[in-house]
Every structure is written in structure tokens, then in C-alpha cells.
Amino acid sequence: MLRAGGVVTCIACKNLLPSRMGVKFRVPLQKLHPLSRSIHHRYSANNNPQRPPHCSAARHYTSLSRLPMRPPKSRSGGHGYQQHRTFWVARLAARLLKLRYILLGSAVGGGYTAKKTYDEWKEMLPDMSQYTWIVPDFIWELSENIDLDKLAKALPELEEIAKLLPDMEKVGENFTFLKSLLSSETTGDSALRAPDIPPTSAAMSDSSDKQFKKSSDKERIDQLQEELLRTQMKYQRMLERLEKENKELRKVVLQKDDKGIHQRKVKKSLIDMYSEVLDILSDYDSNYNTQDHLPRVVVVGDQSAGKTSVLEMIAQARIFPRGSGEMMTRSPVKVTLSEGPHHVAMFKDSTREFDLGKEEDLAALRHEIELRMRKSVKEGQTVSPETISLSVKGPGIQRMVLVDLPGVISTVTAGMAADTKETIFSISKAYMQNPNAIILCIQDGSVDAERSIVTDLVSQMDPQGKRTIFVLTKVDMAEKNLASPSRIQQIVEGKLFPMKALGYFAVVTGKGSTNESIDSIKDYEEDFFQTSRLLRDGMLKAHQVTTKNLSLAVSDCFWKMVRESVEQQADAFKASRFNLETEWKNNYPRLRELDRNELYEKAKNEILDEVISLSQVTPKHWESILQKKLWERVSTHVIENIYLPAAQTMNSGTFNTTVDIKLKQWTDKQLPHKALEVAWETLQEEFARFMAEYKGKDQDDIFDKLKEAVKDESIKRHKWNETAMDSLRVIQHNALEDRSITDKPQWDAAIQFMEETLQSRLKDTDSVIADMVGPDWKQRWLSWKNRTPEQHIRNETKNELERLLKLHEDHTAYLANDEVTTVRKNLEGRGVEVDPVLIKDTWHQLYRRHFLQKALSHCNLCRRGFYYYQRHFVDSELECNDVVLFWRIQRMLAITGNTLRQQLTNTEVRRLEKNVKEVLEDFGEDNEKKVQLITGRRVQLAEDLKKVREIQEKLEAFIEALHKEK
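Residues numbered from 1 in each chain as written. Predicted model: local features only at pLDDT ≥ 70, side-chain atom pairs only at ≥ 80, totals over all residues. Heavy atoms only, no water.

### Some words on the overall build of the chain
Quick reminder of the rule: Strands here are runs of E lasting at least two residues and helices are runs of H or I lasting at least four, both read from the DSSP assignment and numbered beginning at the N terminus. Partly exposed residues are those whose accessible area sits between 20% and 50% of the maximum for their type, while under 20% is buried and over 50% is exposed, using a 1.4 Å probe and protein chains only. In this analysis, two residues are considered to be in contact whenever any of their non-hydrogen atoms come within 4.5 Å of each other. Only the protein chains shown count as cover for residues, with accessible areas throughout obtained via the Shrake-Rupley method and a probe of 1.4 Å.
The secondary structure content of the chain amounts to 35 helices and nine strands. Taking all 966 residues of the chain together, 39% fall into the buried category. Taking all contacts inside the chain whose residues are at least 6 apart in sequence as the whole, residues at least 24 apart take part in 79%. Carbon and sulfur atoms make up 52% of the accessible area of the chain, which amounts to about 57600 Å² in all.

What follows is the structure, given as C-alpha cells:
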């Protein structure tokens, strides 16, 4: 037992060291427990043979082993046997205790050794906490945001799945049967190939048995196929159920994402945080005159000098569109470079990742950049100041932010805008005048240095060269073409140009082919400088060549500038925030700081509430305003074209015939259109009225322009549903055909309607006559007004025509020619020269007034005529057909108003509400529209406060992360 325990302990110690560990070592024997050390020496191979045996070592740790050894005694004799029987129990207990102590000591020693070994291994392992950023945070938060127990419960039980599975025993039996069947068939074939045997009765019986067996086998095969089909259907149903549950679970997770319950928190790198600040500042600068002095690398150079190629070498991918000799960079492109496990690119406002290792993604990225550039350029321009923001990540890429600017040109060529040169200069100066911007000046080495324009521009913006890095491109072509290579040395030493710089670099960006890969360009660049005499003769130093050294130097300079200036910029924005907050507190102490988007949402809710108020208008109100407006629209036609012509007839039959014909013509052509126009105008007026009434309820005046624009655009988009016009025409025609007045209240209502209409017309006619003849004697005496010569002639003509009407009260509506001549001669006898046309015009108004007065008196007589109407005016001199006409008109107005009200409340109000929502959504997506409609110092101040706070918070977070990185 002692030997077995020691061996087990030693083997356990050895097994604590896995064979797969990268670092192999041997545990020093001095660090083991004494007991373990003794066991180790006793049972390990190639140990010291001079060590004492294991028993002596065990005695040192066992108390029972120190007892003196007694010689064995014989069992013969009574006393001897009694003494032997007395001490055998003690011996057995001693041996058991000895075994227990040995096992206990072995376990303690082995455990201590294992613990020491584990501690040493743990110290040798690397600290994996630095690489936790590789795993996104949402992986750790899955257990918090997704109820795994609920998900497990939603899955089917194992018993249910087992029920759906086929009976494997039956399947096994079937397959065994098939195997035997196939083997029998093969044996049958071999039997067929055997020599022919004479047929016998036994053979006949065997063949019949075989046929029966084949038929039964065929049935079993059919059963097997049916069973397999049933099993397949079960699996199919199970898969469909699982897919449905999976869709529901995904829907729940996506809904949680939309509500913000489960948001992925991915740690952003330092350069990404800094790039976000620059993006916000680029938008902020266009709206507010702030001083953005945060560092970035500004890439400037002459057109086709190789700016884009240098930037691509730094980004390690050919990401920009290319062209031979033409302008390709039409707007600034901000490229944020950072290191990452995969070489990808992504736009700021897009979630698509372009894999820069795939040529199709590279082509798509170049195409997208070109499209964005052309889209940013306004009509009639060649370049644009709008910045395109792009991020590139990849292994070995230096972290920095570069801005590629359009190439500086000396001459405006055909197809360019006239101000292209000045626009490029202004864009370049705007970026270079930042005192913390690093200027990467690109010079083409293959052309004469005197032709460069950008060097003079850079010298103006950075005369001391404290933040300029000069890069000479196409050095391979320059070495071939220049007769004196020392000229290149003068350029990179800063002796040829008056421009000063922090450093000078010489690079090669390929052989000029657009199909070259980055790796081939790098190899070509390295091979060139290894064999170039520029390095061999000492004209260039090793640290001044290759784009790799250039990117390292630019990155170091960029981060040095960032660390020196970022805290100062944070303090500047902190002061700007204090100034803006003070202005808000002094000017708008009781208002919340709502930016333009928040104000738009508030106005949007108010407008939708006003539209909903249209559905709360009572039917009585709709019908009353519709009837009133419709009568105002058609009353002139009814009086002038229907009532007056019919009233000139001599009897009631002719009157009714004329009325029916004219009403039918009016209904077929004009009335439905007029009714729809009235309904549409009524809807607009009610919508505007509700918006005006809501304005009085503590509404903000800042929304007036927006609401007016929404109302106009909604009405413009709304088109009345004219499919109901045919049905409306039928309804109106049926209403006008009805002549049966059922009771006295309807008769009285018709007389009142007729009387009000005639009085209104009479009042208008009197006003027209008064304007024709001028002021009467009271007005002339009291108001000191005089008549004009024309009014004097009109007045004399009126007096003469009134004498004619008094003589012939039943005169027709028109004057005869001899009557016109008589009136004119009578006026000439009084010294008044008058034109026949003026006589007829005056007669029309006078006769109109005379007719209306007679109609009003007849209306009063008809108040008692309902009894005669019921008897169809038989044996009565009173005829009130005109009252029936006005009752028909009044009933048509009521029915039309009811029909239009139903169409308004059931269809048009909802369609208008839908149009308003669409207009609000379109305006909400159009930032320029919101800027035009929601304006004012209050809005701009809130916008500035929001931007400054956001910039300050992001800058503080960036500074904190920057300090941690130090």
C-alpha cells in the first residue's frame, strides 16, 4: 500500500504538467514538500541509489514505527496463546494507523506540490485582460438582455423530439432486410449463370416460393417507402415549427433593439473618437463661426502630383477614383486611418463595410466616392467644399486623420467653372490656416520644380515650416530624367525652395499603371531605393525614403500635435459653452433649450392635433356652412338665369316648363362641379380656422412659417375624389324633380328663404342704382358731395324711365326701340344728350328693382297660399309657383350639403390628414427645408448649445482615453 500510494502521488505530480504547454520546465525538487520529495526520490527513475529505503523514511514521519521490535512468539500453550490474542488487535490497529498516515501525508504533499506548480504556471501566462476588446461587449450582455430560461422553455422537449424521430429498430430491420434481399438477388443472378438443370417438381415449387417471396418483399419495400415519407413529413413539420419560433424570437430581439433596451456597446478606438469630434466640427463650422483648431493632416499639392497615390500607400489600398490628367478629387475627403484585424473601409453615414482585400469591393468603393463627389458639387460648379468622411482600418496602418484636398491648378480649362481656381485656393487655405494642422505638401519630382504652385501657397500659410512635411513623389522618373541628380538632393534638403519644412521625404508610388496593387508598388519602391545611386551616393538618407517611413513620421507628428493642443481646444469650447448658456438664460429664461429637430417634432404634434380636430366638427356645422357657401355660389345663376326668365312668362304652365328645363341643364353641367368646389374650399377654410384658433392657445410663433407651409403643401397635394360626382348629380337631379311640399312649416320655410333672397337682391340693386345716379339731395347738402356729368345724365334717364314704369306696371323686361327713341327725345328736350345703350342699361336696373319689389309683395300674399297649393290652385286667382321653385332649391341645398358632409367626414378629412402626415415626413427628412421654416436667434442659439456640448463631451472623453493610453 505504501508503494502504491507513493507511485500514485508521483504520477499525479507528473500529470499536473500538461504536455501541450508551450513552455517546458522542471519543477525544482527543493520546492516540493519533504514527504513528496521523499516519495519522488524513492520511485522516480534514475534517482540516487544511495538514498535510504522508503520504510526508514516512512518511520521518520510515523509514530508507531518507533516502537521496539518484539520477536514472534509461538501460539502453543495457554498463556502464550492468551498473550498473542491480547496484542494482535494492537498490531492490527497500528498497521491501519500507519497506512492512514502514509495516505494522508501523500495527499497533503501532492496537493501542495500541485498548488505550487499551478501558481508558477499562472505567473507565466500572459495577461489576457488587454485583449478583451476583441470580443464585443454585447456578447457579455446577452445573458442580461435575453431571457435564456424563456428561450429554453420555448424550445421543444426532448421527449417530443424523440417522438418525431423514426423507430431506429424498425429502420435497422428494414435495412437488414434490404441487404439480405440484395444479397439474395445477387446469388440468384449467379444461379442463373450456372449450367442448366433439368426442371423437376421440386424446382417448380421453389420457383413459386421465390415468386411469392418477391411479391411479399415488394410489399415490404412499399411499406418502407411510405414509412420514410411519413418520417420525412414529420421532420418537415418540425422544421417549419422551429423556423416559426425562431422568427418570433428574432422579432422580439429586434424590437428590443429598436426600443433601446438592448444596445450594443462596442468600445471605440482613440482615433475613431477623435474622428467623430472632427465630423461634428465640420458640420458645426458651416453653421457657426467657431475656431476649429484641432489637428489633422492636410494633403495638398498640384494637380496630378501624386497626392492620392501617397494617401493610398499610407492607407494600403487603392480606394480613390483615378484618371489620367483630369481632376478626380472634386471635394475634400477626410480619411480616418486606424489599426484593425481586417482591412475594411466604411463611410460615416453608412453601415456597409467594403472589404479592401476584394477587388469588387474596391471598385464599388471607388465608384461610391466618385458618386458622392459629383453629388456634392452644385450645378455650375467644378469643386465643392463639402467633406466626404471615410474610415479605413487594417493591420499595420498608422493611426491618423488625413484630408485629401482637390489639386491646385494654374489654369482653368474647358468644362470647368470660371471660379474653380479661386475656389480650390479658398478650400486649401481654409484647412491650412488652422495653426495645428499638419500640412503634407506633395511635389511632383518628375517635372520642373519651378512649375509648382503649391509650394508658394504653403509658404504663405506656414512660413516657418513648423508644421509642414514635404514629400517628393515620382523619384524614379526624376532620377532618369534629370541630368543632375544633385537637384533632388537640393530639394529634399530644403535648399531649392524658399519653403521650410519639418522633414523632407522622397517616395515612389508605382510605375504609373492604374492596375498595380499596393504590394507590387511597395516591392518596386524598395527595389528602386536599394539600387538607386541617390542612397548609394549619400544624396538621400535611409529615413527619408519610402512611404512606410513617411507614414510613421506623419503619424508621430500628428499625435504629438494632438497631445499638445487638444486640451487647449477643449478649454476654448468650454468657454464658448458658458457664453452661449449665459445668453440663453438672459434672453429665454422660461423656455427649454429645444434644437431645430426637437422644435420640429413639437410643431408636428401640434399640426396633427389640429388636423384631428377636423373630425370633431359636428355634422350640423358642416351642413350649415356647406349650404350657405353653395347658395352664395349659385344664387346669381338661379335668380338671373332661372327665376327671372321664368317669371316673365304669362301662365303657370309655361313658368313650370321653363323652370324644369333650366334646372335640368344646370344640374347636368354646372351644379355638381360647383358643389365639389364649395366642399373643397370649405375643407380648406375649416382647416385654416382650426390652425388659427389653436394658435391662440399659448402657441409658439416660431411655428407660423412651418404651419403655413404644411397647410399649403397639403392642400396642393390633396385632390378631391371626383368619383362621387356622378352619384351627386343624380341626387341633385332627384331633389330638384320633387315638387311636393308636405306640410305648412316647409311652405313657410320656403317663403322665408324666398323673401330673404329677394330682399338681398333688392338691396344690391338699390346700391347699384345709387352708384349710377350719384348722391341724392340729402347727401349733397349734408356731405357736400356733387354728381358727376355722367351721374347727372343717369339720374335724368332714371327719372324718365320711372315715369314709364308708373304708366305701365306690367311692362316686360325689355324696352322696345320706339320706347327707347321716345325716352331719348324727351331727354333731349330737356337738354340732356343720352346714348341708347345707357338708356337700356339704366332700364335693366330699374326694371330689376321694380320686379323684385313686386315679387316681395307677391311673396307676402303667398304666406296664406298653402291651402290653395294643396288644391293645385284650382278656383283661385293666387298662384305661388315661385314659392315651389324656391322650396325645390332649398331642398336641393339641404340634400347636397348632407351628401358633401358625409363625403368630407368619411373620406376627405382622412385623406387630408394622410397628406399632412406625408408632408410632415418629407419636411422632416429635408434639413434645408427645416432651416428655412424654423428660424430665429432662439433656434440658432439652441443648435449651437447642443453642438458645443456634444463637442465638449466628446473631447473630454477623448482626452481621458488619451491619458489612459499614455
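### A few points about the confidence of the model for the chain
Quick note on the threshold: The pLDDT value tells you how sure the predictor is about a given residue, anywhere from 0 up to 100.
For the chain, per-residue confidence averages 76 on the pLDDT scale, and 71% of positions sit at 70 or higher. When pLDDT is averaged over each helix and strand of the chain, the minimum, 36, is found for helix α3 (residues 54-61) and the maximum, 92, for strand β1 (residues 297-301). For residues 184-205, every residue scores under 50 in pLDDT, and the model assigns this stretch zero contacts once sequence neighbours within four places are set aside. Taken as a whole, residues 286-290 scores under 50 in pLDDT and shows six contacts with residues more than four places along the chain or in a different chain.

### Examining unusual backbone geometry
Not every positive phi belongs to a glycine, and Q316 is a case in point at roughly 65°. Here Q316 lies in the loop between α12 (307-315) and β2 (333-339). Taking the relative accessible area as the measure of exposure, Q316 reaches 23% and is therefore partly exposed. The phi angle at K474 is positive, at roughly 55°, despite the residue not being glycine. Examined against the element boundaries, K474 turns out to sit in the loop between β8 (468-473) and α16 (475-481). On the accessibility criterion, K474 (21% relative accessible area) is partly exposed.

### Examining the nonpolar core
We count it as follows: The definition of a nonpolar core used throughout is a set of buried Ala, Val, Leu, Ile, Met, Phe, Trp, Tyr and Cys residues joined through side-chain atoms within 4.5 Å.
Grouped together as the largest cluster of nonpolar side chains are 100 residues, with contacts concentrated most on Y643, W666, L683, W747, I889 and V916. The element best represented in this core is helix α33 (residues 881-925), accounting for 16 residues.

### Structural notes on α12
Among the nine residues in α12, nine count as buried, and that is most of the element. Positioned one or two residues after α12, Q316 has a phi angle of 65°, which is positive.

### Some thoughts on the state of the cysteines
Worth spelling out the cut-off: Disulfide assignment relies on a single distance test, namely cysteine sulfur atoms paired within 2.5 Å.
Within this structure, the stated rule accounts for one disulfide. Each disulfide pairs two cysteine sulfurs, and for C862 the partner residue is C880, the sulfurs being separated by 2.0 Å. Taking the torsion about the sulfur-sulfur bond, which here is approximately -100°, the covalent link between C862 and C880 counts as left-handed. In this pair, C862 is assigned in the loop between α31 (836-861) and α32 (866-870) and C880 in the loop between α32 and α33, connecting sequence segments 18 residues apart. Both residues of the pair, C862 and C880, belong to the buried class.

### Examining the packing of helix α29 (residues 789-807) against α31
Two quantities define a packed helix pair, namely the angle between the helix axes and the distance between the axes. Filter applied, for reference: Only C-alpha atoms enter the line fits that serve as axes; for helices the fit covers just the stretch in contact. Angles between N-to-C directions range over 0 to 180 degrees. Oblique is the label for every angle not falling under 35 degrees (roughly parallel), over 145 degrees (roughly antiparallel), or within 65 to 115 degrees (roughly perpendicular). Less than a right angle of anticlockwise turn of the near helix away from the far helix marks a crossing as left-handed, whereas a clockwise turn marks it as right-handed. Think of it as three bins: nonpolar holds Ala, Val, Leu, Ile, Met, Phe, Trp, Tyr, Cys and Pro, charged holds Asp, Glu, Lys and Arg, and polar takes everything else, Gly as well.
α31 packs onto α29 with a crossing angle of 55° between their chain directions and a minimal axis gap of 9 Å. The angle between α29 and α31 falls in the class oblique. With respect to the hand of their crossing, α29 and α31 are arranged in right-handed fashion. Between α29, through I793, R794, T797, K798, L801, E802, L804 and L805, and α31, the contact on the second element is made entirely by L838, I839, D841, T842, W843, L846, Y847, R849 and H850. Of the residues assigned to the contact of α29 with α31, the class counts are nine nonpolar, three polar and five charged.

### So, the pattern of salt bridges
Where we set the bar: The rule for a salt bridge is simple: a side-chain nitrogen of Lys or Arg has to be within 4 Å of a carboxyl oxygen of Asp or Glu.
The tally for this structure, following the rule as stated, stands at 44 salt bridges. Between E581 and R949 there is a salt bridge; the shortest N-O distance is 3.1 Å. With E581 in helix α20 (residues 547-587) and R949 in helix α35 (residues 937-965), this residue pair connects regions lying 368 residues apart in the sequence. Among the salt bridges present, the one from E828 reaches R824, with a minimum N-O distance of 3.1 Å. One end of the pair, E828, and the other, R824, are both in helix α30 (residues 817-829), four residues apart, so they sit about a helical turn from each other. Take E828: its relative accessible area is 31%, and that puts it in the partly exposed class. Look at R824 and you get partly exposed, because its relative accessible area is 25%.

### Here we look at the pairing of strand β9 (residues 503-506)
In plain terms, the rule: Strand pairing is assigned whenever DSSP detects at least two bridges linking the two strands.
The alternating pattern of β9 places G503 and F505 on one face and Y504 and A506 on the opposite face, and all of these are buried. Here β8 pairs with β9 via four bridges, running parallel. By the bridge assignment for β9, I469 is matched with G503.

### Here's the deal with a nonpolar patch on the surface
Stated formally: For patch detection, residues must exceed 30% relative accessible area and be free of salt bridges, and they are connected within 9 Å for like charges or within 5 Å for nonpolar side chains (Val, Leu, Ile, Met, Phe, Trp, Tyr).
A cluster of nonpolar side chains, namely W777, W781 and L782, defines an oily patch on the protein surface of about 490 Å² accessible area. Looking at the element boundaries, W777 is found in helix α28 (residues 777-783). A relative accessible area of 54% means that W777 is categorised as exposed.

### Concerning the environment of I625
Along the chain, I625 falls in helix α22 (residues 619-647). Using a relative accessible area of 17% as the deciding quantity, one classes I625 as buried. For the pair I625 and G897, spaced 272 residues apart in sequence, the C-alpha separation works out to 8.4 Å. The residues touching I625, leaving out its near neighbours within four places in the chain, are T682 and E686.

### Thoughts on helix α18 (residues 518-531)
Each α-helix winds once per 3.6 residues, and so residues spaced three or four apart point in a common direction. Convention followed: Every helix has an expected span of 1.5 Å times one less than the residues it contains. By definition, the arc is the one covered by directions from the helix axis to the C-beta atoms.
Spanning 14 residues, α18 covers 20 Å between terminal C-alpha atoms, matching the ideal 20 Å at 1.5 Å per step. Buried within α18 are the following residues: I518, I521, E525, F528 and F529. The arc that holds every buried residue of α18, seen down its axis, measures 90°, which confines them to one face. Facing away from the buried side of α18 by over 90 degrees, the exposed positions are D519, Q530 and T531. Check the buried side of α18 and you find it contacts α12, α16, β9, α19 (533-536) and α20.

### A closer look at the packing of aromatic side chains
So the rule is basically this: Within 6.5 Å between ring centres, the rings of Phe, Tyr and Trp (the latter by its six-membered ring) count as paired, and their orientation is classed by plane angle as stacked under 30 degrees, edge-to-face over 60, tilted in between. Whether a charge sits over a ring comes down to the Lys NZ or Arg CZ being within 6 Å of the ring centre and within 35 degrees of the ring normal.
Counted under the stated rule, the structure contains 16 aromatic pairs. Site record: aromatic cluster; members linked through ring pairs are W631, Y643, F753, F851 and F886. The lysine or arginine in question, R372, covers the ring of F347, its NZ or CZ lying 4.0 Å from the ring centre. Positioned above the aromatic ring of Y600 is the side chain of K930, whose terminal nitrogen or guanidinium carbon lies 5.6 Å from the ring centre.

### So, the sheet that holds β8
Here nine strands make up an open sheet; going across it, the order is β4-β3-β5-β2-β6-β1-β7-β8-β9 and the pairing mixed. With partners counted over all chains shown, the strands left at the sheet margins are β4 (354-355) and β9, one partner each. Bridge analysis of β2 against strand β5 (residues 388-394) gives seven bridges, and the strand direction is parallel. In the strand pairing of β5, K334 is matched with S389.

### Topic: the side chain of S428
With respect to the secondary-structure elements, S428 resides in helix α14 (residues 420-432). Under the relative-accessibility criterion, S428 is labelled buried at 1%. In contact with S428, not counting residues within four places along its chain, are L405, V408 and L457.

### A few points about the pairing of β8
The buried count for β8 comes to six of six residues, which makes it a mostly enclosed element. Neither face of β8 is open: one carries T468, F470 and L472, the other I469, V471 and T473, and all of them are buried. Direction of pairing for strand β7 (residues 438-444) relative to β8: parallel, over a ladder of six bridges. In the strand pairing of β8, D444 is matched with T473.

### What to know about the side chain of T667
One can find T667 in helix α23 (residues 652-669). Here T667 is in contact with P672, R729, Q732, H733 and L736, once residues within four sequence places are set aside.

### Considerations on the environment of A646
If you trace the backbone, A646 turns up in helix α22. Judged by its relative accessible area of 0%, A646 is buried. The sequence separation of A646 and D882 amounts to 236 residues, and the corresponding C-alpha distance is 9.0 Å. With sequence-adjacent residues up to four places away left out, A646 is seen in contact with F655, T658 and V659.

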